[in-house]
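If you want the building blocks of each chain, they are given just below.
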Amino acid sequence: MLGLVLREQGGAALFDQVEGARRAARRRRRNRSGSGEAELDRLLAGLGPDDALATSRAFSSWFELVNTAEHVHRVRRGLDYRRSGLAQPASPAAVIADLQARGVDLEEIAEAARAIRIEPVFTAHPTEATRTAILAHEQRIARLLLDRLEKNARGEEAEAATLAEIREAITIAWQTDENRALRPTIADEVEQVLFHLQGTLYEIAPELEATLRRAFEKAGLQGWSRRTPLLSCASWVGGDMDGNPAVGAETIRATLARHRELVLRRYRAELLELAERFTQSRTRVPVLPALEERLERYRAEHQEAARGLPESRRSMVYHNYLLLMAARIEEILKGNAARADFGPAQLEADLELLRRSLAENRGENAGLRRIEKLLGRLRSFGFRLAALDVRQDALVHRRVAGELLGLDGFAKRPETERTELIAAALGRLPKPPEPASEEVYETLEVMRAIRDVRAAQGPEAVGAYVISMARGPDDALALLLIAAVAGLTEEGGGSPLDIAPLFETVEDLAVAAETLEQLLAHPLYRAHLKRRGDRQVVMLGYSDSNKGAGIVASRWGLQRAQEELAGVADRHEIELVLFHGRGGTVSRGGGKPRDAILAQPRQALGDRLRFTEQGEIIRAKYGLEPIAHRTLEVVAGALIESRCRPPAPAMDEEAAAVMTTIAEAARGAYRALVEDPAFFRFFRAATPIDVIERLRIGSRPASRRKQEGIGDLRAIPWVFAWTQSRHVLPGWFGLGSGLAAGAARFGLDRLRALARDWRFLGNLLADVEMVLAKGDLDIAERYAALAGEDGVPIQALIRVEHEATMRAILELREQDELLEGDRGLQRAIRLRNPYIDPMSFIQVDLLRRWREGGRADPEIERALVTTVKGIARGLLNTG
């Protein structure tokens, strides 16, 4: 069908160009030194900008459809499991059966399932390169295909109509400009996240708990239920101030108002829909007297809405009750001050009364399940839809605290001195200076915005306050001081903020436990935490630790930090909630969620899993309801399994020594590469970073400051650029050197045993193996050539380490080729790679010409952007 669209929209010449490149790319993959390489060069070198864009767009469109088809296939696979009566692997039913087979008591499993909580946190990090207009067409095609699955016996006419609609969507997508005219605003990013929150996640939240209930019923336990919601969501979009000057008090207020508006509209629409269904008459079925009484009270309170109720339906008690409930929400949406006291607790009480009336009056099969679903949604989303986290750099707080205290150079004073000065000031609050600096004014306004939205929308509207680059107790106390000065306090004193220090670099991770120990030992902070229910959130950063030290040292630093933080929490008898700042790619903590959860230290996992979701990963995991459901049921199953595992003994000292040796050698190799004086110039030349920096895919700047090295570049464009050049360097570099050092000291057999028996090491190797399979050093050589003679030594070092890493992984896992143990993934990557290659050839050629012209040709830049988006679609990764 895409071929038909290419002929129709671009003509035979475009179709022939694309088909020729496709065949040549496949020949090249079959025979690396054969004619395919030369043929691709002949077909694709020197294309005019329009032809380059059209050819790249064709391959990009192919991946758009392939990705959609793969998502639909995942749904089909789940349907086949259900039809067969078998539990899909990693589902709660499969996990429960496996745990029972291992001798775990069913009631223990049920209690674990009652305790867990899943909290995805959606962030605005700019890694979604596809604009929402194109995403909408992808979703439409997917839903048409899913409709075919469910109604595949509808006859030829219906089939032809469906195919015509699919072709229409493909054609319109082709005719839609993929490139945004303007960089998205914060409001645009909010809407992109809300697209999934109020769409798929709103729909599946109650289904997730129903899945667990059915799994326990199948296992022989009836009546399983939870006291708290299994799923709740949070967002950073509109609250993440770190490095984004466009975020502040105004965006916090506007974002949470939009969250509230959307979820209330969803509730109102659902109540109206239920009202049309619930036509039961009191002459046919009894109704609880308490519900009748409440209905009459609502008639009196909402006289205008009550007058609109048809007299002919007066006996339809549930129908009228639901209509008046919807009217109450409508009044809130219109800003009726008289309804300001109506919140989620009141709506839940109304629904619970209706649920009881149905349950006690033969309503089990007359709508009871629908009311329970709405109750489930209300408990997950409240009137907030998603809590808004707030984030700011610790240095900002230090500067503001210093100005509040009237102390010049406060941020540069020793940490202990800062702590003492702030602690003293908390006893006698200073007044804001007049006039205050813009930074002080804006920071205090943020605190006031948090105060106001909590008062208007409830305390759950605001999530964690994350402090980036936290170093010591003074960073948390500075935040308490600023909040108190701004009037952000609770009745009876104290701050309502849930303060979450963020440890991002390997150096910070190494001292994270010591920092938490100091924080919990401080009496002022300990008193604050006691008022917050003795629950401490600590965020762990996967991105900057990888960028600074390489993937091996990053992963090992995170693993050690989790164990050590859990030990500190145990000693102080607090609940530790680890907040995992994962990105989409392996380089930034991505990968298979189940494997990642089970590889974490059991004692550090806890019951509540909080993790970031961002960019193209949001679409991949939550773009379709069945996929979103499967994503979260796998997470739930992994949490249950982890909680039911026996507590792990203290880490084997030799295993820790092996991993430390591997990590230190890997970090040494990585730092030797990135600290080479020529390396940053090589990176700028051998990747399309200069194109990525111009992409209009996010409101945040790509760098923190003037770029003089990798430390100044954000982790996302860093990973994005290496992925585009097919080096995929942050996902593997250093592991070969590390494994060689480990084998030399401890022996290959010891490493093999650890890789087989220790989930942490096994998961690391599996992730790197996948990254290596997606990369292509031969194509990467083409990008490296853009750096000229100066880049030859750097690329040679990369090639040597790549070969060492490939060799070490194959030897350690006793395989002849990558992904030998995962043939499905191996086949998928092999099928995809030939269709990515033409876009890489075009991108290298365009980069050379664009740079030679001083990056001034807008048409070449436009074509380059299309190649970037197409390669990202093909590799299923950006940053």
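Residues numbered from 1 in each chain as written. Predicted model: local features only at pLDDT ≥ 70, side-chain atom pairs only at ≥ 80, totals over all residues. Heavy atoms only, no water.

Asker: How should I be thinking about the overall build of the protein in this particular structure?
Answerer: When helices and strands are counted, the protein shows 38 helices and 8 strands. Counting only C-alpha atoms and orienting by the principal axes, one finds that the protein spans roughly 85 × 80 × 65 Å. The buried share among the 879 residues of the protein stands at 58%. Restricting to contacts in the protein with at least 6 residues of sequence separation, those with at least 24 account for 82%. Total accessible area on the protein is roughly 35,400 Å²; 50% of this is exposed by carbon and sulfur atoms. If the 126 positive side-chain charges of the protein are averaged to one point and the 128 negative ones to another, these points end up 3 Å apart. (Helix = DSSP H or I, 4+ residues; strand = E, 2+ residues; numbered from the N terminus. Buried < 20%, exposed > 50% of the residue type's maximum accessible area, 1.4 Å probe, protein only. Contact = heavy atoms within 4.5 Å. Areas by Shrake-Rupley, 256 points an atom, 1.4 Å probe, with all protein chains shown as cover. Lys, Arg positive; Asp, Glu negative; His and termini not counted. Charge placed at Lys NZ, Arg CZ, Asp CG, Glu CD.)

Asker: Explain the pairing of strand β5 (residues 498–503) to me, please; I cannot follow it from the model alone.
Answerer: Each regular strand shows side chains that alternate between the opposite faces of the sheet. Of all 6 residues that make up β5, 6 are buried, and the element is covered over most of its length. Both faces of β5 are covered, namely the face carrying Asp-498, Ala-500 and Leu-502 and the face carrying Ile-499, Pro-501 and Phe-503. Sheet topology places strand β4 (residues 462–468) next to β5; 4 bridges connect them, and they run parallel. Residue Val-466 lies in a different strand from β5, and its bridge partner there is Ala-500. As defined by bridge partners, β5 adjoins strand β6 (residues 535–541) across 2 bridges and the pair is classed as parallel. The residue bridging Phe-503 from the neighbouring strand is Leu-540, located in β6. (Pairing = 2+ DSSP bridges.)

Asker: What am I meant to see in the pairing of β4 here?
Answerer: Here β4 lies mainly inside the structure; 7 of its 7 residues are buried. Note that strand β3 (residues 387–393) and β4 share 5 bridges and pair parallel. By the bridge assignment for β4, Gln-392 is matched with Ile-467. Between the parallel pair β4 and β5, the chain is carried across by helix α18 (residues 473–486), and the sense of this crossover is right-handed. (Right-handed = clockwise from strand over helix to strand, strands pointing away.)

Asker: Where do I start with the side chain of Gln-280 in this structure?
Answerer: Structurally, the position occupied by Gln-280 is in the loop between α9 (249–277) and α10 (289–301). You can call Gln-280 buried: its relative accessible area is 19%. Looking at Gln-280, its side chain comes within polar contact range of the main-chain oxygen of Ala-366, at 3.0 Å. Contact partners of Gln-280, with chain neighbours within four places excluded, come to Val-285, Ser-315, Met-316, Val-317, Tyr-318, Leu-358 and Ala-366. (Polar contact = N/O pair within 3.5 Å; in protein donor to acceptor, adjacent residues only side chain to side chain.)

Asker: Can you help me understand the packing of aromatic side chains in this one?
Answerer: The geometry of an aromatic ring pair is captured by the separation of the ring centres together with the interplanar angle, meaning the angle of the planes. Here the structure, examined in full by the defined rule, presents 22 aromatic pairs. Centroid distance Trp-62 to Tyr-835: 3.9 Å. Interplanar angle 10 degrees. Geometry classified as stacked. Of this pair, Trp-62 sits in helix α3 (residues 49–84) while Tyr-835 sits in helix α37 (residues 823–852), placing them 773 residues apart in sequence. We classify Trp-62 as partly exposed; its relative accessible area is 27%. Look at Tyr-835 and you get buried, because its relative accessible area is 10%. Geometrically, the ring pair formed by Phe-683 and Trp-718 is tilted, given 5.0 Å between the ring centres and 50 degrees between the ring planes. Residue Phe-683 is located in helix α29 (residues 679–686), and its partner Trp-718 is located in helix α31 (residues 715–724); the two are separated by 35 residues in the primary sequence. Taken as a pair, Phe-683 and Trp-718 share a single burial class, namely buried. An aromatic cluster of three or more residues is present, and its members are Phe-679, Phe-680, Phe-682, Phe-683, Trp-718 and Trp-722. The ring of Phe-15 has Arg-7 lying over it, and the distance from NZ or CZ to the ring centre is 3.8 Å. Lying across the ring of Trp-850, Arg-855 places its NZ or CZ 5.8 Å from the centre. (Phe/Tyr/Trp six-rings, centres within 6.5 Å; stacked < 30°, edge-to-face > 60°. Lys NZ or Arg CZ within 6 Å of the ring centre and 35° of its normal.)

Asker: Please explain the packing of helix α4 (residues 92–101) against helix α27 (residues 625–644) as it appears in this structure.
Answerer: Helix packing geometry: the angle between the two helix axes and the distance between the axes. The geometry of α4 relative to α27 is characterised by a closest axis approach of 8 Å and an angle of 20 degrees between their N-to-C directions. Compared by their axis directions, α4 and α27 come out roughly parallel. As for the relative orientation of α4 and α27, their crossing is right-handed in sense. On α27, the residues touching Pro-92, Val-95 and Leu-99 of α4 are Glu-633, Gly-637, Ile-640, Glu-641 and Cys-644. Here the residues of the contact of α4 with α27 sort into 5 nonpolar, 1 polar and 2 charged. (Axes fitted to C-alpha atoms, helices over the stretch in contact; angles between N-to-C directions. Parallel < 35°, antiparallel > 145°, perpendicular 65-115°, else oblique. Left-handed = near helix turned anticlockwise from the far one by under 90°. Nonpolar A, V, L, I, M, F, W, Y, C, P; charged D, E, K, R; others polar.)

Asker: In this structure, what is going on with unusual backbone geometry? I would like to understand it.
Answerer: It is generally the case that most residues other than glycine have a negative phi and that most peptide bonds are trans. Geometrically, the link from Glu-434 to Pro-435 is a cis peptide bond, its omega value of -5 degrees lying close to zero. Take Pro-435: it is sitting in the loop between α16 (415–427) and α17 (438–457). One non-glycine residue, Ala-90, lies in positive phi territory at about 75 degrees. Residue position: Ala-90 is located in the loop between α3 and α4. Although it is not a glycine, Glu-814 adopts a positive phi angle of roughly 55 degrees. Within the secondary structure, Glu-814 sits in the loop between α36 (792–812) and α37. On the basis of relative accessibility, which here comes to 57%, the residue Glu-814 falls in the exposed class.

Asker: I would appreciate a short explanation of the sheet that holds strand β1 (residues 117–123) in the present structure.
Answerer: Adjacent strands of a sheet pair through backbone hydrogen bonds, lying either parallel or antiparallel. Strand order in the closed barrel formed by 8 strands is β1-β2-β3-β4-β5-β6-β7-β8, and the pairing between neighbours is parallel. Bridge count for strand β7 (residues 575–581) against strand β8 (residues 608–614) is 2 bridges, and the pairing is parallel. Bridging across to β8, His-580 finds its partner in Phe-611. Contacting β4 and β5, α18 crosses the sheet at an angle of about 130 degrees to β4.

Asker: Honestly, a negative patch on the surface in this entry has me stumped. Any pointers?
Answerer: There is a patch of like negative charges on the surface, built from Asp-50, Asp-51, Asp-857 and Glu-859. In this fold, Asp-50 is placed in helix α3. With relative accessibility at 60%, the residue Asp-50 sits in the exposed group. (Patch = residues over 30% accessible without salt bridge, like charges linked within 9 Å, V, L, I, M, F, W, Y side chains within 5 Å. Salt bridge = Lys/Arg side-chain N within 4 Å of Asp/Glu carboxyl O.)

Asker: Just to check I follow, could you spell out the pattern of salt bridges for this structure?
Answerer: In this structure the tally under the stated criterion is 87 salt bridges. Between Arg-782 and Glu-37 there is a salt bridge whose closest N-O contact spans 3.0 Å. A residue pair is termed long-range when its members are at least 10 positions apart, and Arg-782 in helix α35 (residues 777–784) and Glu-37 in helix α2 (residues 35–44) qualify at 745 residues. What makes Glu-37 partly exposed here is its relative accessible area of 23%. Linking Arg-227 and Glu-111 is a salt bridge whose minimum nitrogen-to-oxygen distance equals 3.5 Å. Of this pair, Arg-227 sits in the loop between α8 (186–219) and β2 (234–235) while Glu-111 sits in helix α5 (residues 106–115), and the two are 116 residues apart along the sequence.

Asker: Can you help me understand helix α14 (residues 364–381) in this one?
Answerer: Owing to its 3.6 residues per turn, the α-helix brings residues three or four apart onto one side. The terminal C-alpha atoms of α14, which comprises 18 residues, lie 25 Å apart, in line with the 26 Å expected from a rise of 1.5 Å per residue. Taken as a whole, α14 has its buried residues at Gly-367, Leu-368, Ile-371, Leu-374, Leu-375, Gly-376, Arg-377, Leu-378, Ser-380 and Phe-381. Of the surrounding secondary structure, the elements contacted by the buried residues of α14 are α8, α9 and α13 (344–360). Phi turns positive one or two residues past the end of α14, at Gly-382, with a value near 50 degrees. (Expected span 1.5 Å × (residues − 1).)

Asker: Before we go on, may I ask you to explain the nonpolar core in this structure?
Answerer: Looking at soluble globular proteins, one finds that nonpolar side chains tend to be buried together. Counting 146 residues, the largest nonpolar core has Leu-201, Tyr-267, Met-447 and Ile-640 as the members making the most contacts within it. If one sorts the elements of this core by residue count, α8 sits on top with 13 residues. In contact with Met-447, not counting residues within four places along its chain, are Tyr-465, Leu-479, Ile-482, Ala-483, Ala-486, Leu-488 and Leu-497. Leu-2, Ala-54, Ile-551 and Tyr-670 belong to the second-largest nonpolar core, a separate cluster that totals 108 residues. (Core = buried A, V, L, I, M, F, W, Y, C linked by side-chain atoms within 4.5 Å.)

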